[in-house]
Amino acid sequence: MPNAAESPLATYLAHLKRGQLGYQFSPSAGQAVFYPRVIAPKTGAADLEWRVSKGVGTVHATTVVHPPQGADYNVCLVDVDEGFRMMSRVEDIEPSAVTIGMRVAFRVHTPAGDEDPYPVFTPVGGV
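Let us look at the structure shown here.

### Here's the deal with the overall build of the chain
Across its full length, the chain carries one helix and eight strands. Secondary structure elements of the chain, listed N to C terminal, follow the sequence α-β-β-β-β-β-β-β-β. Seen through its principal axes, the chain has C-alpha atoms that stretch 40 × 35 × 25 Å. Residues counted as buried form 36% of the 127 residues belonging to the chain. Counting only contacts in the chain whose residues sit at least 6 apart along the sequence, the fraction spanning at least 24 positions is 48%. Carbon and sulfur atoms provide 53% of the accessible area of the chain, an area that totals close to 7300 Å². With 10 positive and 13 negative side-chain charges, the chain shows a separation of 6 Å between the mean positions of the two kinds.

Below, the structure written as structure tokens:
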């Protein structure tokens, strides 16, 4: 269980380090809350509880970034099945092949060095 003294960001990162996509839920609002916060948006309720997503969602929007150096990559918005939207990217597929409506599954990307892990997605059931 998360430590109440930890910041919401620290708790979120702890979930990622365990291979989980943690998110918050506000019982009083009856809705998922993401990005982690101290109080619920719209209501200001402090009743946020941590839950773990099954990690499956649908691409809502996508674009391809063409950096001056390095390989192209996509940036997308994913509607996670538990009811929240997050910005991420889809890996293991050509950036231009990511499509709106594509089903995707979460995994943790752990960069080298001392950078924090972050969530990415892969296509569900092949492409």
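Once the structure has been displayed, the description carries forward.
### Description of the nonpolar core
Y12, F84, M86, V90 and F121 are the most contacted members of the largest nonpolar core, which totals 21 residues. If we skip the residues at most four places from it in the chain, F121 touches L21, G55, V78, V80, M86, S88, R89, V90, E91, V104, A105 and F106.

### Quick look at the side chain of N74
Within the element layout of this structure, N74 appears in strand β5 (residues 73-80). Here V90 takes part through its backbone nitrogen, which lies 3.0 Å from a polar atom of the side chain of N74. Every residue in contact with N74, bar those within four places of it in the chain, is listed here: T62, T63, V64, S88, R89, V90, P95 and V98.

### Some thoughts on the sheet that holds strand β7 (residues 103-109)
Sheet architecture is open: five strands sit in the order β6-β5-β4-β7-β8, paired in antiparallel fashion. Each of the sheet's edge strands pairs with one partner strand only, and the pair in question is β6 (84-88) and β8 (118-123). Ignoring strand direction, the axes of neighbouring strands in this sheet form an average angle of 40°. Judged from the three bridges that link them, strand β4 (residues 56-65) and β7 form a sheet pairing that is antiparallel. The residue of β7 that forms the bridge with V56 is A105. Across the face of the sheet, helix α1 (residues 8-17) comes into contact with β6, β7 and β8 while running at roughly 45° to β8.

### Regarding the environment of S53
Considering the arrangement of structural elements, one finds S53 in the loop between β3 (49-52) and β4. Residue class for S53 comes out buried when judged on its relative accessible area of 9%. Residues S53 and Q24, 29 residues apart in the sequence, show an inter-C-alpha distance of 9.7 Å. Excluding anything up to four places from it in sequence, S53 contacts L21, Y23, V80, E82 and F84. At a separation of 2.8 Å, a polar atom in the side chain of S53 contacts the main-chain amide nitrogen of G55.

Reading the values: the criteria
Residues numbered from 1 in each chain as written. Predicted model: local features only at pLDDT ≥ 70, side-chain atom pairs only at ≥ 80, totals over all residues. Heavy atoms only, no water. Helix = DSSP H or I, 4+ residues; strand = E, 2+ residues; numbered from the N terminus. Buried < 20%, exposed > 50% of the residue type's maximum accessible area, 1.4 Å probe, protein only. Contact = heavy atoms within 4.5 Å. Areas by Shrake-Rupley, 256 points an atom, 1.4 Å probe, with all protein chains shown as cover. Lys, Arg positive; Asp, Glu negative; His and termini not counted. Charge placed at Lys NZ, Arg CZ, Asp CG, Glu CD. Core = buried A, V, L, I, M, F, W, Y, C linked by side-chain atoms within 4.5 Å. Polar contact = N/O pair within 3.5 Å; in protein donor to acceptor, adjacent residues only side chain to side chain. Pairing = 2+ DSSP bridges. Axes fitted to C-alpha atoms, helices over the stretch in contact; angles between N-to-C directions.

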